[in-house]
Amino acid sequence: MPIIVNLDVMMAKRKISLSELSEKVDLTLANLSILKTGKAKAVRFSTLEALCKALDCQPGDLLECR
Amino acid sequence: MKTKSTLVLTIMHVVFWVLLIGLCVQTGSILISFFVSEFINPVGAQNLYMGLNLAALKNYAEVHYVGVVSFMVYFLAVKAYMAYLVIQIFRKIDFAAPFSSEIAALITKISHNALAAGVVAIVANNYTKWLLKSVSIDIPTWSGDEFLFLAGIIFIIAQVFQKGTDIQAENALTV
């Protein structure tokens, strides 16, 4: 898929673990894992917003088109 | 509403089991009677199953007797197989997430079987019509149109189900 999810990069930059992020954005670890590993087929705007707020970043920091 | 549909589905599950057993018994009975009439006692052709008398056809031509019995066995076996597939659907379906590729494959298989049965029924009907020109006997007829109609409807349902499976998979991977 040409859309790359850079969640792991942002998590490393913010030094936040998957379980911490899971608590902050109110998503299950399984769903976050799907997103992190690039298996997700779609991302809800609400999820994106929660991730941006939790990681203090922009959607463009999380998603990349190659 | 949920209770009502659950009850209806349970009844249908039981009905399909009864159908499957009935069709298997019918197929087995005809097959056994046929083998008896062929290899043990030719009089068996007078009462193949529930009064079905094909003795005149057997006397007229053995080949046609075998042909007609083969068609009868085929249609009963196909119906039994379709009932079996429906039971498999009942066994495997999970109403919390009903769309699975396994169920879609089973529905598609039913439609393919119905299509094959429809085509064979048309051939069998023309064959019996041709036979009736030469010999005056009571031969059962099969409705190919109904099988084809059924095949068409089930095929559309299978396609919709397949689409549902894709959407469900996509939905499961939407975060």
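What counts, and at which threshold
Residues numbered from 1 in each chain as written. Chains lettered and ligands numbered in written order. Predicted model: local features only at pLDDT ≥ 70, side-chain atom pairs only at ≥ 80, totals over all residues. Heavy atoms only, no water. Core = buried A, V, L, I, M, F, W, Y, C linked by side-chain atoms within 4.5 Å. Buried < 20%, exposed > 50% of the residue type's maximum accessible area, 1.4 Å probe, protein only. Helix = DSSP H or I, 4+ residues; strand = E, 2+ residues; numbered from the N terminus. Contact = heavy atoms within 4.5 Å. UniProt positions renumbered as here; feature names shortened; annotations may be inferred. Buried area = accessible area lost by both parts, 1.4 Å probe. Polar contact = N/O pair within 3.5 Å; in protein donor to acceptor, adjacent residues only side chain to side chain. Nonpolar A, V, L, I, M, F, W, Y, C, P; charged D, E, K, R; others polar. Arc of directions from axis to C-beta.

Draft legend 1. Representation of the nonpolar core in the model. Counting 49 residues, the largest nonpolar core has L54, L57, Y65, V68, V69 and F75 of chain B as its most contacted members. Mapped onto this core, the elements with two or more residues apiece are α1 (2-40), α2 (55-60), α3 (62-92), α4 (101-134) and α5 (144-172) of chain B. When near neighbours in sequence (up to four residues on either side) are disregarded, V68 of chain B contacts L54, L57, Y127, L131, I139 and W142 of chain B. Among the nonpolar cores identified, the runner-up in size contains 20 residues, and M10, L48, L55 and C57 of chain A belong to it.

Draft legend 2. Local environment of the UniProt feature "domain: HTH cro/C1-type" (unreviewed entry) in chain A. Here the UniProt feature "domain: HTH cro/C1-type" (unreviewed entry) sits at residues 7-62 of chain A. Helix makes up 70% of residues 7-62 of chain A and strand 0%, with an end-to-end C-alpha separation of 5 Å.

Draft legend 3. Broad picture of the interface of chain B and chain A. Taken together, the contact pairs 6 residues of chain B with 11 residues of chain A. Buried area between chain B and chain A, both sides added, is near 730 Å², and the carbon and sulfur share of it is 64%. On the chain B side of the contact with chain A, L173, T174 and V175 of chain B bury the most area, a combined 84% of that side's loss. Summed over the shared surface of chain B and chain A, the number is 4 residue pairs in polar contact (both at pLDDT 80 or more). Here the side of chain B that touches chain A is composed, by residue class, of 3 nonpolar, 2 polar and 1 charged.

Draft legend 4. Highlighting helix α2 (residues 18-25) of chain A. All names here are of chain A. Restricting attention to buried positions, one finds in α2 the residues L21, S22 and V25. Taken end-on, α2 shows its buried residues confined to a sector of 105°, consistent with a single buried face. In α2, the exposed positions angled more than 90 degrees off the buried face are occupied by E23 and K24. Contacts made by the buried residues of α2 are with α1 (7-14), α3 (29-36) and α4 (45-55). Downstream of α2 by one or two residues, D26 has phi in the positive range, about 55°.

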